[in-house]
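Next come the chains, spelled out residue by residue.
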Amino acid sequence: MSIVDKVKNALGQHSEKVHRGVDKIGDKIDEKTGGKHSQKINRVQQKVKDMTDRRSDQPGDRPA
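Residues numbered from 1 in each chain as written. Predicted model: local features only at pLDDT ≥ 70, side-chain atom pairs only at ≥ 80, totals over all residues. Heavy atoms only, no water.

### Considerations on a nonpolar patch on the surface
- On the surface, Ile3, Val4, Val7 and Leu11 cluster together to form a nonpolar patch covering roughly 350 Å² of accessible area.
- Counting through the fold element by element, Ile3 comes out in helix α1 (residues 3-13).
- The exposure class assigned to Ile3 is exposed, which follows from its relative accessible area of 63%. (Patch = residues over 30% accessible without salt bridge, like charges linked within 9 Å, V, L, I, M, F, W, Y side chains within 5 Å. Areas by Shrake-Rupley, 256 points an atom, 1.4 Å probe, with all protein chains shown as cover. Salt bridge = Lys/Arg side-chain N within 4 Å of Asp/Glu carboxyl O. Helix = DSSP H or I, 4+ residues; strand = E, 2+ residues; numbered from the N terminus. Buried < 20%, exposed > 50% of the residue type's maximum accessible area, 1.4 Å probe, protein only.)

### Here's the deal with the environment of Ile25
- Here Ile25 shows up in helix α2 (residues 15-32).
- On the basis of relative accessibility, which here comes to 54%, the residue Ile25 falls in the exposed class.
- Expressed as a C-alpha distance, the spacing of Ile25 and Gln45, which sit 20 residues apart in the sequence, is 9.0 Å.

### Here's the deal with the pattern of salt bridges
- Under the counting rule described, the total for this entry stands at 1 salt bridge.
- Salt-bridge contacts for Lys49 lead to Asp23; the nearest nitrogen and oxygen are separated by 2.6 Å. Of this pair, Lys49 sits in helix α3 (residues 38-57) while Asp23 sits in helix α2; the two residues are 26 residues apart in sequence, bridging distant segments of the chain.
- By relative accessible area, which is 15% here, Lys49 ends up buried.
- Classification of Asp23 by relative accessible area gives partly exposed; the value is 27%.

### Remarks on the environment of Asp53
- Following the sequence through the fold, Asp53 ends up in helix α3.
- A residue is classified by how much of its surface remains accessible, and Asp53, at 28% relative accessible area, is partly exposed.
- Considered as a pair, Asp53 and Glu16 are 37 residues apart in the sequence and their alpha carbons are 9.2 Å apart.
- Contacts of Asp53, omitting those with residues within four sequence positions, involve Ser15 and His19. (Contact = heavy atoms within 4.5 Å.)

Here's what the structure looks like:
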């Protein structure tokens, strides 16, 4: 199993932690930019969450 496969597997198994981290990072960036790029940040946050959810929904990613 390659390192990429291991990362994908970990993302799928820990999607809730990834979601919290994405929210926290996005909110911090939004704060630092004074809300200037809020829409773009929110869009990226949602795309990352969607990608993580797709990974966790695929069969065979989680150990039995």
